[in-house]
Amino acid sequence: MLALHARTQCELDRALHRHGLCASDFEVLDVLADSAAADVSCGYRVQEIAERVHLSQSALSRLIARLEKDELVERGLCAEDRRGVRVALTGKGRALHGEVLPVQRAVLTRMLKLR
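Since we're looking at a predicted model, the values are computed, not measured.

Some details on helix α1 (residues 2–17)
The α-helix advances 3.6 residues per turn, and as a result positions three or four apart in sequence lie on the same side.
Part 1: With 16 residues, α1 should reach 22 Å at 1.5 Å per residue; the first-to-last C-alpha distance of 22 Å fits that figure.
Part 2: Turning to α1, its buried residues number three or more, namely L4, T8, L12, A15 and L16. Taken end-on, α1 shows its buried residues confined to a sector of 90°, consistent with a single buried face. Turned more than 90 degrees away from the buried face of α1 sit L2, R14 and H17, all of them exposed.

Printed below as a string of structure tokens:
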């Protein structure tokens, strides 16, 4: 199972690299896209994202900073709770996620059929 996971991550990284992303980048964009679909208008706190992805809090913070620099996500205060910083997709991030989602799903489908 671990070997399949490692091969799948490598394949995802190769396929997503053409779009300027790695598998971890996409995983975070996917979580944030789910928040938008669930009408969580101000996104998720970093801690909430960390509970859904396979990264340490510090690695996730660096990844979010990089995505923010690329204008794919934005950080800000949530109107309902000014104590915490929220992360949400930008329009550019939403568009890229929609473009790359079929690529990611195709890789997963292909890799799972190989087992």
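That shown, we press on.
Quick word on the nonpolar core
One broad trend across soluble globular proteins is that nonpolar side chains are buried collectively.
Part 1: By size, the foremost hydrophobic cluster in this structure holds 28 residues, and its most contacted members are V28, L32, I49, L60 and V73.
Part 2: Residue assignment for this core shows that the elements contributing at least two residues are α1, α2 (23–37), α3 (46–50), α4 (57–69), β3 (81–89) and α5 (91–114).
Part 3: With sequence-adjacent residues up to four places away left out, L32 is seen in contact with Y44, I49, V73, V87, A88 and L89.

Considering unusual backbone geometry
Part 1: Phi angles above zero are rare outside glycine, and E71 is one such case at about 65°.
Part 2: Considering the arrangement of structural elements, one finds E71 in the loop between α4 and β2 (73–78).

Regarding the environment of H5
Part 1: Its location among the elements puts H5 in helix α1.
Part 2: H5 gets classed as partly exposed once you look at its relative accessible area, which sits at 49%.
Part 3: Each C-alpha atom of the pair H5 and L112 lies 9.7 Å from the other, and the pair is 107 residues apart in sequence.

Some thoughts on the packing of aromatic side chains
Part 1: Summed over the entire model, instances satisfying the criterion amount to 0 aromatic pairs.
Part 2: Between the NZ or CZ atom of R52 and the centre of the ring of Y44, over which it lies, the distance is 4.4 Å.

What about the side chain of T8?
Part 1: Position of T8 relative to the elements: it lies in helix α1.
Part 2: On the basis of relative accessible area, T8 is assigned to the buried category, the value being 10%.
Part 3: Separated by 2.7 Å, the side chain of T8 and the backbone oxygen of L4 make a polar contact.
Part 4: Filtering out sequence-adjacent residues up to four positions away, T8 remains in contact with V107, L108 and M111.

Rules of the game
Residues numbered from 1 in each chain as written. Predicted model: local features only at pLDDT ≥ 70, side-chain atom pairs only at ≥ 80, totals over all residues. Heavy atoms only, no water. Helix = DSSP H or I, 4+ residues; strand = E, 2+ residues; numbered from the N terminus. Expected span 1.5 Å × (residues − 1). Buried < 20%, exposed > 50% of the residue type's maximum accessible area, 1.4 Å probe, protein only. Arc of directions from axis to C-beta. Core = buried A, V, L, I, M, F, W, Y, C linked by side-chain atoms within 4.5 Å. Contact = heavy atoms within 4.5 Å. Phe/Tyr/Trp six-rings, centres within 6.5 Å; stacked < 30°, edge-to-face > 60°. Lys NZ or Arg CZ within 6 Å of the ring centre and 35° of its normal. Polar contact = N/O pair within 3.5 Å; in protein donor to acceptor, adjacent residues only side chain to side chain.

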